[in-house]
Amino acid sequence: AETFLNLVPPDERSISPVSREGVTYKHNDIHLRPFGDDSDSEDNNSDNNNKDSEEAQRCRENGWNVDDPVQLQAWRDQEPINSHSHLLSI
């Protein structure tokens, strides 16, 4: 486990005791999540389509009201902190 933590340390915003200052992760598609790719939308200027994606449903089940713009932004703001766990799983 220590090897993986050295390769991909937790984000500095994490509450993990082994998080490191200066380590931050970003998502390249966070503006689309959790609703999915809106490239097939008729209204390409929309920030999201509120599609009922699996990810959006998981967010709701976990207590995030992603249909509310304020909570959606709060979810998006915290999501990159979780990136290191995704990297470790691949």
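About the thresholds
- Residues numbered from 1 in each chain as written.
- Predicted model: local features only at pLDDT ≥ 70, side-chain atom pairs only at ≥ 80, totals over all residues.
- Heavy atoms only, no water.
- Helix = DSSP H or I, 4+ residues; strand = E, 2+ residues; numbered from the N terminus.
- Buried < 20%, exposed > 50% of the residue type's maximum accessible area, 1.4 Å probe, protein only.
- Contact = heavy atoms within 4.5 Å.
- Areas by Shrake-Rupley, 256 points an atom, 1.4 Å probe, with all protein chains shown as cover.
- Polar contact = N/O pair within 3.5 Å; in protein donor to acceptor, adjacent residues only side chain to side chain.
- Core = buried A, V, L, I, M, F, W, Y, C linked by side-chain atoms within 4.5 Å.

**Q** Could you give an account of the overall build of the protein chain, naming the residues involved and the relevant values?
**A** A tally of regular secondary structure across the protein chain gives four helices and zero strands. A buried classification covers 29% of the 90 residues belonging to the protein chain. For the protein chain, restricting intrachain contacts to residue pairs at least 6 apart in sequence, the fraction spanning at least 24 positions comes to 39%. Entry remark: accessible area of the protein chain is about 6,300 Å², with carbon and sulfur atoms responsible for 48%.

**Q** I'd like a description of the side chain of R33, backed by residues and values.
**A** Its location among the elements puts R33 in the loop between α1 (2-7) and α2 (54-61). Only 2.2 Å separates the side chain of R33 from the side chain of E55, close enough to count as a polar contact. When neighbours within four sequence positions are excluded, R33 is seen to be in contact with H27, E55, L72, W75, R76 and E79.

**Q** Describe the nonpolar core, listing the residues and the values that go with them.
**A** In terms of nonpolar packing, the biggest core is built from six residues, these being F35, A56, C59, V66, L72 and W75. At the level of secondary structure, the elements contributing two or more residues to this core comprise α2 and α3 (69-78).

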